Amino acid sequence: MRPRIAVVGGGLSGLTAAYQLSRDLPDARITVLEASERLGGALHTADFPSGPMELGAEAFIARRPEASDLVTELGLTGSLRHPGTLGPAILTGGRLVPMPAGTMMGLPSEVTALSGLLSTAELARAARETDLPLTWEPGGDVPLGSLVSQRFGPAVVARLVDPMLGGVYAAPSSGLGLRQVVPGLAQALDRGAPNLTAAARELVAQRRPGPVFATLDGGYRLLVDALARSSGALVRTRATCTALHRVGSRYSLAVTGDGGAWVEEADLVVVAVPVPRAAPLLTTAGGLDTADRALSGIRTASSAVVALEVDRALDLPDRSGVLVATDEDVPFKAITFTSRKWPHLDSRPGHLVRVSFGRLDDDDVLASDDAALTRMAESALADLCGSAPLVLHTRVRRWQDALAEIGPGHDTRIAEVRAELAARLPGVELVGGATEGVGVPACIGSARAAARRLAAKWQD
Ligand SMILES: Cc1cc2nc3c(=O)[nH]c(=O)nc-3n(C[C@H](O)[C@H](O)[C@H](O)COP(=O)(O)OP(=O)(O)OC[C@H]3O[C@@H](n4cnc5c(N)ncnc54)[C@H](O)[C@@H]3O)c2cc1C
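Below: a short report on this structure. Source: prediction; values computed, not measured.

Notes on the pattern of salt bridges
Part 1: Per the counting criterion, the structure on display carries 20 salt bridges.
Part 2: Between Lys 341 and Glu 58 there is a salt bridge whose closest N-O contact spans 2.7 Å. Pair noted here: Lys 341 is in helix α12 (residues 338-341) and Glu 58 is in the loop between β4 (51-54) and β5 (60-61), with a separation of 283 residues, a long-range link. Judged on exposure class, the residue Lys 341 and its partner Glu 58 are both buried.
Part 3: Among the salt bridges present, the one from Arg 448 reaches Glu 73, with a minimum N-O distance of 2.6 Å. Here Arg 448 is found in helix α15 (residues 440-459), whereas its partner Glu 73 is found in helix α2 (residues 65-73), with 375 residues between them in sequence.
Part 4: Using a relative accessible area of 43% as the deciding quantity, one classes Glu 73 as partly exposed.
Part 5: A network of salt bridges, in which partner residues are shared, links Arg 418, Glu 429, Glu 436 and Arg 453.

What follows is the structure, given as structure tokens:
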């Protein structure tokens, strides 16, 4: 029998799952249901008059295999591009300080490298980290920010760790699990590293040469289109799944969209929507107490990106971008000098810049309308560059609840959710940003693994 498969959510996770299922179950009839008018979710390449510009994710970690392997498999290797040599600066005390070398997600492997960021007293406090006894339970997890604050002092959290993590999680490191966010560091501590400095030093020494990040010339749209095309799935945009019901060994999905309301029948279901939307779908489907507790406990942050092309007369700092210390009183959290960071974009007529807003529990700035956000972005650039930018083109994109806070023990809770799903809703998989971690490689890995489990189950 040919399986019918419904994929709820046409972002990266849903499309990757559809693609993998089409490989593993070539007979399957796959339908992707996407609530919005476009595929890609947080991968959104817009058209500026001068060429493509990312409004959501702009890169991926190339040292992890998941995204690089998928790009190769889809024949997109020729479009891979890497950043140039410029590093970011940290905005602290009203000035830009180059990001110190030798840090691991903001954790120093050499405290002396932080001299530009910390006062003499703060530096001395951070240097005492190696003298403090460390209590660490192998296999355990703790809030990253609290541990770093206790050991290095709060200034290291505010001026290094939180700015580094803010772009990815939009949550302060006090709510993020050390093992979830920097697993290598937790493993170094498991192996007996005596303190955080030593653990960071171990990881920094193991770094392979070569670029850390990559992107696609032409934008993420290339990946989104290639996945949708190669999956052979029937794609229905403006189709919102509102409920999931088990009917014997199959499932029915209630969908509303442009064409009214209808029901999709499926043997296998992939739920690939952000946690706040996934939790009600799964839990109404069948008394999932663990999933309800675990998923509704995951907090999410919203953000907004103001993308700009500005006249080249503006004298941008000679950095790839600016990360903002959390003790700095400015409304934005990061700025990327996109065309400085990516040499393949530097031939565009203007400078490409992205200004990011929004932190967990601080949505005030996001209540501003698009014109006000754009004014804030322009004024941030004027302050950093010493003159007002001449804006050639601009676009604002808001991301509601898009960034999940991955707290301590998250992986254990997700494993419990998966066990409950397998028992109560066999043939239903949950994938996406808040399951196996945040970011493009994690989503690809999560979606492919879930698709393979479903295919194996069907073939069983
Ligand atoms: C501003 C921003 C910048 C980022 N930058 C990076 C970066 O540079 N590098 C990196 O690795 N990661 C980055 N990320 C994270 C990365 O983009 C995401 O982790 C990833 O794209 C999430 O993909 P997803 O498919 O799981 O979820 P989403 O992209 O959120 O897709 C979910 C889809 O489901 C749809 N949907 C929701 N509810 C329903 C429903 N009921 N029925 C049908 N469809 C529904 C949504 O419309 C959406 O299209 C960034 C994220 C944001 C927001």
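Next comes the rest of the write-up.
A short note on helix α8 (residues 196-206)
Part 1: Within α8, burial applies to Leu 196, Thr 197, Ala 199, Ala 200 and Leu 203. Burial along α8 is one-sided: seen end-on, the buried residues are contained in an arc of 160°.
Part 2: With a side-chain oxygen lying 3.3 Å from the backbone nitrogen of Thr 197, the N-terminal cap of α8 falls on Asn 195.

Regarding the side chain of Arg 448
Part 1: Judged by relative accessible area, which is 8%, Arg 448 ranks as buried.
Part 2: Polar contacts involving the side chain of Arg 448 include one to the side chain of Gln 20, which spans 2.8 Å.
Part 3: In this structure Arg 448 touches Thr 16, Tyr 19, Gln 20, Leu 70 and Glu 73, once residues within four positions along its chain are discounted.

Notes on the pairing of strand β19 (residues 332-336)
Remark: a regular strand shows side chains that alternate across the two faces of the sheet.
Part 1: Counting buried positions over the 5 residues of β19 gives 5, a clear majority of the element.
Part 2: As judged from the 3 bridges shared by strand β18 (residues 321-324) and β19, these two strands associate in the antiparallel manner. Bridge pairing in β19 places Leu 323 opposite Ala 334.
Part 3: Both β19 and strand β20 (residues 351-357) contribute to a ladder of 4 bridges, which runs antiparallel. Opposite Phe 332, over in β20, you have Phe 357 as the bridge partner.

Points about the packing of aromatic side chains
Both the distance between ring centres and the angle between the ring planes are used here to describe each pair of aromatic rings.
Part 1: All chains considered together, the criterion is met by 0 aromatic pairs.
Part 2: Across from the ring centre of Trp 262, 4.1 Å away, lies the NZ or CZ of Arg 236, which sits over that ring.
Part 3: Over the face of the ring belonging to Trp 399 we find Arg 397, whose NZ or CZ atom lies 3.8 Å from the ring centre.

A few points about the site of the ligand
Part 1: In the vicinity of the ligand, 32 residues are found, and the nearest of them are Ser 13, Glu 34, Ala 42, Ala 59 and Val 440.
Part 2: Here Cys 241 contributes a backbone N or O atom positioned 3.0 Å from a nitrogen atom of the ligand.
Part 3: At 2.8 Å, a backbone N or O of Val 440 approaches an oxygen atom of the ligand.
Part 4: If you list the elements that add at least two residues to the shell around the ligand, you get α1 (12-24), β13 (239-247), β21 (391-404) and α15.
Part 5: Taken together, the residues of the shell around the ligand break down into 20 nonpolar, 9 polar and 3 charged.

Rules used in this analysis
- Residues numbered from 1 in each chain as written.
- Predicted model: local features only at pLDDT ≥ 70, side-chain atom pairs only at ≥ 80, totals over all residues.
- Heavy atoms only, no water.
- Salt bridge = Lys/Arg side-chain N within 4 Å of Asp/Glu carboxyl O.
- Helix = DSSP H or I, 4+ residues; strand = E, 2+ residues; numbered from the N terminus.
- Buried < 20%, exposed > 50% of the residue type's maximum accessible area, 1.4 Å probe, protein only.
- Arc of directions from axis to C-beta.
- Polar contact = N/O pair within 3.5 Å; in protein donor to acceptor, adjacent residues only side chain to side chain.
- Contact = heavy atoms within 4.5 Å.
- Pairing = 2+ DSSP bridges.
- Phe/Tyr/Trp six-rings, centres within 6.5 Å; stacked < 30°, edge-to-face > 60°.
- Lys NZ or Arg CZ within 6 Å of the ring centre and 35° of its normal.
- Near = heavy atom within 4 Å.
- Nonpolar A, V, L, I, M, F, W, Y, C, P; charged D, E, K, R; others polar.

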